[in-house]
Amino acid sequence: MKVKADNANYFGIGILQHKRGHNIGTLWRSAHILGASYIFTIGKSYKKQTSDVLKSWREIPLFHYDDFDDFYKHIPYNSQLVGVEMVPDAEYIKEYKHTPRAVYLLGAEDKGLPEKVLERCHHIVQLPGLKSLNVAVAGSIVMYDRIAKLEK
Ligand SMILES: C[S@@+](CC[C@H](N)C(=O)[O-])C[C@H]1O[C@@H](n2cnc3c(N)ncnc32)[C@H](O)[C@@H]1O
């Protein structure tokens, strides 16, 4: 059977320079349940957390990149890099059309995504609200939005 190229989709999600390991544990759990192919950390590596009660490390891999350049070099072929951040130029998630192959990048709990990183993203999306959400919660909402729209 022939599969149309644009029906072929997958995504990864991760955090740049996370501060709290339990957020990676929570994100990993959501990523596994909501259909991510992998998660990743950039800059700071991850130590196993109790927040990943489902032992998601058995289900999808976590990749670690030394820094943003290392991560950028290893973005999968033909994938779009999607920054998730509250910035004026960002597209509202409600109107955002997810690409078939995507890598979602979240920012650190304290500083968010730096301007230099945002400049390298193909798309930037933001979630509703005047204050920032917890990073793992923000990632989970983006993943839910993706599956809700692509499954239509
Ligand atoms: C706690 S927030 C960072 C807040 C940081 N103090 C700032 O103002 O940039 C951590 C990350 O969660 C994500 N995030 C939280 N709320 C968001 C929102 N409303 N829209 C998009 N991303 C959000 C972003 O990836 C952000 O970098």
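Residues numbered from 1 in each chain as written. Predicted model: local features only at pLDDT ≥ 70, side-chain atom pairs only at ≥ 80, totals over all residues. Heavy atoms only, no water.

(A) Structural context of the side chain of Ser-79. Relative to the helices and strands, Ser-79 is located in the loop between helix 2 (68-73) and strand 4 (80-84). In this structure Ser-79 comes out as buried when scored by relative accessible area, which is 6%. What Ser-79 contacts, discounting residues up to four positions off in sequence, is Tyr-10, Arg-101, Val-103 and His-122. (Helix = DSSP H or I, 4+ residues; strand = E, 2+ residues; numbered from the N terminus. Buried < 20%, exposed > 50% of the residue type's maximum accessible area, 1.4 Å probe, protein only. Contact = heavy atoms within 4.5 Å.)

(B) Structural detail: the packing of aromatic side chains. For the structure shown, the criterion picks out eight aromatic pairs. Relative to Phe-63, the ring of Tyr-38 lies with its centre 5.5 Å away and its plane at 70°, an arrangement referred to as edge-to-face. Residue Tyr-38 is found in strand 2 (residues 38-42), and its partner Phe-63 is found in strand 3 (residues 62-65); the two are separated by 25 residues along the sequence. Where Tyr-65 meets Phe-71, the ring centres are 5.4 Å apart and the plane angle is 70°; that geometry is what we call edge-to-face. A network of ring pairs unites the aromatic residues Tyr-38, Phe-40, Phe-63, Tyr-65, Phe-68, Phe-71 and Tyr-72 as a single cluster. Between Arg-58 and the ring centre of Trp-57, over which it is positioned, the NZ or CZ distance is 6.0 Å. Sitting over the ring of Tyr-72, Arg-120 keeps its end group 4.2 Å from the ring centre. (Phe/Tyr/Trp six-rings, centres within 6.5 Å; stacked < 30°, edge-to-face > 60°. Lys NZ or Arg CZ within 6 Å of the ring centre and 35° of its normal.)

(C) Summary view of a nonpolar patch on the surface. Together, Ile-33, Val-53 and Leu-54 line one region of the surface with nonpolar side chains, adding up to about 260 Å² of accessible area. Given a relative accessible area of 54%, Ile-33 falls into the exposed group. (Patch = residues over 30% accessible without salt bridge, like charges linked within 9 Å, V, L, I, M, F, W, Y side chains within 5 Å. Areas by Shrake-Rupley, 256 points an atom, 1.4 Å probe, with all protein chains shown as cover. Salt bridge = Lys/Arg side-chain N within 4 Å of Asp/Glu carboxyl O.)

(D) Structural context of the pairing of strand 7 (residues 123-126). Of the two faces of strand 7, the one carrying His-123 and Val-125 and the one carrying Ile-124 and Gln-126 are both buried. Relative to strand 7, strand 5 (residues 91-92) runs parallel, the two sharing two bridges. Bridge assignment links Tyr-92 to a residue of strand 7, and that residue is Gln-126. (Pairing = 2+ DSSP bridges.)

(E) Just the UniProt feature "domain: tRNA/rRNA methyltransferase SpoU type" (unreviewed entry) in the protein, in detail. The sites that UniProt annotates as "domain: tRNA/rRNA methyltransferase SpoU type" (unreviewed entry) are residues 19-144. This span, residues 19-144, is 26% helix and 21% strand, and a straight line between its end C-alpha atoms measures 24 Å. (UniProt positions renumbered as here; feature names shortened; annotations may be inferred.)

(F) Up close: the site of the ligand. Taken together, 18 residues form the shell around the ligand, and within it Val-84, Glu-85, Asp-110, Leu-127 and Leu-133 come nearest. In this structure, Val-84 approaches the ligand through a main-chain N or O atom, which is 2.6 Å from an oxygen atom. Here a nitrogen atom of the ligand and a backbone polar atom of Leu-133 are 2.8 Å apart. Surface burial for the ligand is 82%, taken as the share of its 580 Å² of free accessible area covered by protein chains. In terms of residue class, the shell around the ligand is built from ten nonpolar, four polar and four charged. (Near = heavy atom within 4 Å. Polar contact = N/O pair within 3.5 Å; in protein donor to acceptor, adjacent residues only side chain to side chain. Nonpolar A, V, L, I, M, F, W, Y, C, P; charged D, E, K, R; others polar.)

(G) Just the pairing of strand 6 (residues 101-106), in detail. Of all six residues in strand 6, six are buried; the element is thus mostly enclosed. Side chains Arg-101, Val-103 and Leu-105 project from strand 6 onto one buried face, and the interleaved Ala-102, Tyr-104 and Leu-106 project onto a second face that is buried too. Pairing between strand 1 (residues 10-16) and strand 6: six bridges, direction parallel. Among the inter-strand pairings, Gly-14 is bridged to a residue of strand 6, identified as Leu-105.

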